[in-house]
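Observations on chain architecture
Chain residues, written in single-letter form:
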Amino acid sequence: MGQQISAIRGMNDIYGEDAEAFNALIQAAERVMQQYGYKSIRLPIVEKTELFSRSIGEVTDIVEKEMYTFADRNDDSLTLRPEGTAGCVRAVVQNGLAHNQIQKLYYSGPMFRYERPQKGRYRQFHQFGVEVFGLASADIDAELIILTARLWEQLGLENLELQINSLGSQQARLEYRDILVEYFNQNQSQLDEDSQRRLNTNPLRILDSKNPDMRELIEAAPKLIDHLDDESAEHFEQVKQHLDDLGIEYLVNPSLVRGLDYYNRTVFEWVTTELGAQGTVCAGGRYDGLVEQIGGKSTPAVGFAMGIERLMALLIDQDKLPSAEQPDLYVVAVGEKVTRPAMIVAEMLRDGLPQLNVQMNCGGGSFKSQFKKADKSGASFAVVLGDQEVSDKVVALKPLRVDSEQKLIAWSELVETLKSEFN
Ligand code: ATP
Ligand code: MG
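Below: a short report on this structure.

**Side note on the overall build of the chain**
- Scanning the chain for helices and strands turns up 16 helices and 16 strands.
- Taken against the 2.2 N^0.38 rule, which gives 22 Å for 423 residues, the C-alpha radius of gyration of the chain at 28 Å runs more than 25% over that of a compact globule.
- Its C-alpha atoms give the chain principal-axis dimensions of roughly 90 × 60 × 45 Å.
- Once local pairs closer than 6 in sequence are excluded, the contacts in the chain between residues at least 24 apart make up 70%.
- For the chain, the exposed surface amounts to about 21,800 Å²; the carbon and sulfur share of it is 47%.
- Averaging the coordinates of the 44 positive side-chain charges in the chain and doing the same for the 64 negative ones gives two points 6 Å apart.

Shown next as structure tokens:
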């Protein structure tokens, strides 16, 4: 026997009920996107490294220390995508999708970051992402937030807090940067090592520090929101009005800056206190400068990404995990000559009742063992065939969830009978 090979640390197999719930979660999100008129886009998992360093920013956690970067056989530097926005922007530019048109796009799939694995933080994790190109107005920022709120409601999730902030224009950020640097310079002794370094390279990043020792210093720092340009302030007001109109509660969190460089104006996060330190389940914002930065024509854009694993953890925590699909009918087939006609009956049922799930007991077994499986499967009925039923061209239809007698039904009438049973 060969030695077992295990998966890579921080990269998980998702199976059983979790896999079913995972799919149900994606489906629910896709359904909401369709409701709002968004379109699917499918993107590569590997991109040129330069795409991420240029868009996410050189001085960020992701680019500095979290990317899975490797040289391919042609010695090109490639990276497993750590997030979806950069690739989506690249695709939109490359395919000319933002030329005089609006794009509302969604996607989902694995992302890769070399982080310290812990609850809610993995090296391969999954995001559901949404990006909108070509709209500069506040209504679309609000729509993205509103549709996430609808998804939480449909999933039955509670206790998610919406935090919003505005980062203003690039110009306002530059001016604020000087103010911030001055503040941190006056308090240099309280900065941790990372922050010392970032003071010169990317001081705004310091506000995003997860170090609890830095919290007080950060909370007392001058706020970007007090230094917004007029247009951004007005834009932010409009976003808030839309949320007010719909009764969506929010907290304006002036320290919310997001971990990536490309954001401006609106940023938002949905946060829970129920998952420990990894409490952000959905995060996004406006990034009007990025399309141009990636070589496209200047195009306003806004988007967000949800962390599927964190949402799953929250669903489990709140006992709202979508349940797996169960069979409605379980075909029990006992006897050497029964399997072949039973397979035909099972297909006939799937033809005639496409809305029902029909599970065939493959692999034989005694009546007793097959009924045990039928019962465990969750099916409402066992469709039972033995030698006698096959020669009479009937099945015994046995209710599994209510205490009532089985009935003999002719094959020719089986579909109609079951149609009325499931009505
Ligand atoms: P965090 O502050 O928790 O590190 P982030 O700001 O790096 O998050 P984003 O890049 O905004 O996260 O990604 C969007 C969402 O993806 C996050 O809010 C989170 O739900 C999820 N996410 C990010 N990194 C991970 C990870 N390593 N494992 C699982 N989920 C993640
Ligand atoms: Mg992170």
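**What to know about the sheet that holds strand β3 (residues 68-71)**
- Here we have three strands laid out as an open sheet, ordered β2-β4-β3, and antiparallel in their pairing. For this open sheet the edge positions go to β2 (46-48) and β3, each flanked by a neighbour on one side alone. Across the sheet, the mean angle separating the axes of adjacent strands is 35° when strand polarity is ignored.
- With four bridges connecting them, β3 and strand β4 (residues 77-80) associate as antiparallel partners.

**Some details on the site of ligand 1**
- For ligand 1, the set of nearby residues contains 16 residues, the closest of which are Arg 113, Glu 115, Lys 210, Arg 258 and Thr 280.
- A distance of 2.8 Å is found between an oxygen atom of ligand 1 and a side-chain nitrogen or oxygen belonging to Lys 210.
- Arg 310 places a polar side-chain atom, nitrogen or oxygen, 3.1 Å from an oxygen atom of ligand 1.
- When ligand 1 sits alone it has 580 Å² of accessible area, and the protein chains cover 92% of it.
- Listing elements by their share of the shell around ligand 1, those giving two or more residues are β6 (124-133), β10 (280-286) and β11 (301-307).
- With three residues, the single largest contributor to the shell around ligand 1 is β10.

**Looking at the side chain of His 126**
- Position of His 126 among the secondary structure elements: in strand β6.
- Residue classification places His 126 among the buried positions, given a relative accessible area of 13%.
- A distance of 2.7 Å separates the side chain of His 126 from the side chain of Glu 309, its partner in a polar contact.
- Excluding residues that lie within four positions of it along the chain, His 126 makes contacts with Ile 14, Phe 22, Gly 109, Pro 110, Met 306, Gly 307, Ile 308 and Glu 309.

**A short note on unusual backbone geometry**
- Even without being glycine, Arg 265 reaches a positive phi, approximately 50°.
- Within the secondary structure, Arg 265 sits in strand β9 (residues 264-271).
- A relative accessible area of 15% places Arg 265 in the buried class.
- Notably, Lys 393 is not glycine yet its phi reads approximately 55°, a positive angle.
- Tracing the chain through its elements places Lys 393 in the loop between α15 (387-392) and β15 (394-399).
- The exposure class assigned to Lys 393 is exposed, which follows from its relative accessible area of 52%.

**What to know about the pairing of strand β7 (residues 161-166)**
- The buried count for β7 comes to five of six residues, which makes it a mostly enclosed element.
- Sheet topology note: the β7/β9 ladder contains six bridges and is antiparallel. Residue pairing across strands places Asn 165 opposite Val 267, the latter belonging to β9.
- Where β7 lies against strand β8 (residues 251-252), two bridges are found, and the strand directions are parallel. Among the inter-strand pairings, Gln 163 is bridged to a residue of β8, identified as Leu 251.

**Remarks on the pairing of β6**
- Across the 10 residues of β6, nine count as buried, placing the element largely inside the fold.
- Relative to β6, strand β5 (residues 103-112) runs antiparallel, the two being bridged by 10 bridges. By the bridge assignment, Gln 103 is partnered in β6 with Phe 133.

**Points about the packing of helix α1 (residues 16-35) against helix α5 (residues 138-155)**
- Relative to each other, α1 and α5 sit at 135°, their axes nearing to 10 Å. With respect to α5, the element α1 is oriented oblique. Here the hand of the crossing between α1 and α5 comes out right-handed. Side by side, α1 and α5 meet where Leu 25, Ala 28, Ala 29, Val 32, Met 33 and Gln 35 of the first sit next to Leu 147, Arg 150, Leu 151, Gln 154 and Leu 155 of the second.

**Quick notes on the packing of aromatic side chains**
- For the structure on display, the rule yields 10 aromatic pairs.
- Relative to Tyr 287, the ring of Phe 133 has its centre 6.3 Å away and its plane inclined at 80°; by these criteria the two rings are edge-to-face. Of this pair, Phe 133 sits in strand β6 while Tyr 287 sits in the loop between β10 and α11 (290-293); the two residues are 154 residues apart in sequence, bridging distant segments of the chain. Each member of the pair Phe 133 and Tyr 287 is classed as buried.

**Describing helix α10 (residues 230-245)**
- The end-to-end C-alpha separation of α10 is 23 Å, in line with the 22 Å expected for 16 residues at 1.5 Å each.
- Listed in full, the buried residues belonging to α10 are Ser 232, His 235, Phe 236, Val 239, Lys 240 and Leu 243. The buried residues of α10 occupy an angular sector of 135° when projected down its axis, which confines them to one face. Of the exposed residues in α10, those oriented more than 90 degrees away from the buried face are Asp 230, Glu 231 and Asp 245.
- Structurally, α10 contributes buried residues whose contacts are with α5, β7, β8, β9 and β10.
- Looking one or two places after α10, you find Gly 247, whose phi comes out positive at around 65°.

Criteria and cut-off values
- Residues numbered from 1 in each chain as written.
- Chains lettered and ligands numbered in written order.
- Predicted model: local features only at pLDDT ≥ 70, side-chain atom pairs only at ≥ 80, totals over all residues.
- Heavy atoms only, no water.
- Helix = DSSP H or I, 4+ residues; strand = E, 2+ residues; numbered from the N terminus.
- Rg over C-alpha atoms; globule rule 2.2 N^0.38 Å.
- Contact = heavy atoms within 4.5 Å.
- Areas by Shrake-Rupley, 256 points an atom, 1.4 Å probe, with all protein chains shown as cover.
- Lys, Arg positive; Asp, Glu negative; His and termini not counted.
- Charge placed at Lys NZ, Arg CZ, Asp CG, Glu CD.
- Pairing = 2+ DSSP bridges.
- Axes fitted to C-alpha atoms, helices over the stretch in contact; angles between N-to-C directions.
- Near = heavy atom within 4 Å.
- Polar contact = N/O pair within 3.5 Å; in protein donor to acceptor, adjacent residues only side chain to side chain.
- Buried < 20%, exposed > 50% of the residue type's maximum accessible area, 1.4 Å probe, protein only.
- Parallel < 35°, antiparallel > 145°, perpendicular 65-115°, else oblique.
- Left-handed = near helix turned anticlockwise from the far one by under 90°.
- Phe/Tyr/Trp six-rings, centres within 6.5 Å; stacked < 30°, edge-to-face > 60°.
- Expected span 1.5 Å × (residues − 1).
- Arc of directions from axis to C-beta.

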